[in-house]
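# Structural overview
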Amino acid sequence: MNHVAPLVKNPVKRRSSWASAFKKGWARSKYLHLLALPGVLYYLIFNYVPMYGILIAFQDFQPMKGVWGSTWVGFDQFKAFFQHMYFWRVIRNTLLLSFLELLFVFPLQILFAIFLNEIRSRFYKRFVQTVSYLPHFISLPAIVGMLFMFLSPQDGPFNMLLVKVFHMEPINFMGMSEWFRPLYILSDIWTTLGWGAIIYLAALTNVNPDMYESASLDGASRVKMIWHITLPAIQPTIMIMLLLQIGKMMSLGADKVLLMQSPVTYEVSDVISTFVYRRGLEFGEYSFATAVGFFNSVINIFLLLSANWFVKKTTDNSLF
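Residues numbered from 1 in each chain as written. Predicted model: local features only at pLDDT ≥ 70, side-chain atom pairs only at ≥ 80, totals over all residues. Heavy atoms only, no water.

It is worth spelling out the side chain of S152 at this point. Within the secondary structure, S152 sits in the loop between α5 (140-150) and α6 (157-164). In this structure the side chain of S152 is engaged in a polar contact, spanning 3.2 Å, whose partner is the side chain of Q154. (Helix = DSSP H or I, 4+ residues; strand = E, 2+ residues; numbered from the N terminus. Polar contact = N/O pair within 3.5 Å; in protein donor to acceptor, adjacent residues only side chain to side chain.)

Below, the structure written as structure tokens:
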């Protein structure tokens with residue numbers, strides 16, 4: 001009688017092969033693993049371990065009772081947010097500010113990188129780069145403080161220019177809702193223009209200079225070189241950065257908005273992150289604030305997956 005050979009390999013032998021492969025890999029790159037260890041620990045401790053706190057979004061959380069002792073209320077916190085009087089206001093403001101960033105800040109960083117790439121003087125190029133990077137290293141409180149100082153209706157230089165040169169009445173820029181969005185976007189351009197262009201400049205270093213020389217011999221202008229050589233070279237980088245930007249449209253940072261806003265400008269400046277800050281930390285509604293944050297994260301994931309699917313269908317570039 002013929003014996004049929006077993007289809008499943010010996011699990012003990014398979015485990016030993018995996019163990020030997022792991023040992024060989026660790027011996028070959030143990031220093032790289034040790035170098036990555038602080039970053040891995042950081043994300044584990046501050047990003048993954050606290051994720052169990054999402055549970056309080058489904059509870060009437062009481063700090064004295066803890067996560068496991070609080071009463072479970074299901075989706076009541078989410079329903080309360082959807083029925084809140086400011087629900088559509090915070091959604092509208094968050095999407096609008098993020099869209100304005102996508103419309104103005106994102107393309108300007110690409111254009112600035114192309115502009116720097118076209119500069120032939122090495123000294124002038126480094127000088128412009130250094131000047132454009134500096135605002136990124138200024139803290140946000142200092143940036144907003146400078147806005148309040150420059151735009152002060154009493155002695156701000158902009159209002160002094162309006163009064164003495166154009167004979168206009170001083171304008172309280174920081175106290176008027178119609179000026180909040182333009183000032184937010186303009187200050188964002190100033191602080192992120194140079195720093196955001198770095199990744200595109202890095203991508204442009206991979207372009208073969210012979211391509212420009214060949215195009216020049218064929219009579220191509222600088223504009224045509226940018227259109228047919230420079231932009232296609234950085235297209236994958238642009239698409240990846242665009243997807244990342246879309247994936248965080250609902251996660252507009254609260255720090256800058258909180259520093260710039262006032263009760264007078266809540267109608268146009270109140271976004272999801274500032275709403276969560278007030279309800280969670282100022283009013284102590286921890287479960288409600290967690291539910292809003294969880295909803296925000298789900299929408300961000302949906303936007304990222306949708307944008308990635310669309311880009312993957314229309315181009316050869318995608319995150320996954």
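Another aspect to go through is the packing of helix α3 (residues 87-118) against helix α4 (residues 122-133). α4 packs onto α3 with a crossing angle of 155 degrees between their chain directions and a minimal axis gap of 9 Å. Judged on the interaxial angle alone, α4 and α3 are roughly antiparallel. Handedness of the crossing formed by α3 with α4: left-handed. On the side of α3, the interface is formed by F112, F115, L116 and N117, while α4 contributes K125, V128, Q129 and S132. (Axes fitted to C-alpha atoms, helices over the stretch in contact; angles between N-to-C directions. Parallel < 35°, antiparallel > 145°, perpendicular 65-115°, else oblique. Left-handed = near helix turned anticlockwise from the far one by under 90°. Contact = heavy atoms within 4.5 Å.)

This next bit is on the pattern of salt bridges. Two side chains carrying opposite charge are able to pair once their charged atoms lie near each other. Here the structure, examined in full by the defined rule, presents seven salt bridges. Within the structure, one salt-bridge network assembled from shared partners comprises R89, R92, E267, D270 and R278. (Salt bridge = Lys/Arg side-chain N within 4 Å of Asp/Glu carboxyl O.)

As for its position among the elements, S132 is in helix α4. For S132, the residues in contact, after removing those within four places along its chain, are F112, G194 and W195.

We now examine the packing of helix α13 (residues 272-282) against helix α14 (residues 286-314). It is at 8 Å that the axes of α13 and α14 come closest, and there the two elements cross at 160 degrees. In terms of orientation, α13 lies roughly antiparallel with respect to α14. For the element pair α13 and α14, the recorded crossing hand is left-handed. Residue-level inspection shows I272, F275, V276, R279 and G280 of α13 in contact with α14, the latter providing Y286, F288, A289, V292, G293 and N296. The class makeup of the residues in the contact of α13 with α14 is seven nonpolar, three polar and one charged. (Nonpolar A, V, L, I, M, F, W, Y, C, P; charged D, E, K, R; others polar.)

By themselves these figures say nothing about function.
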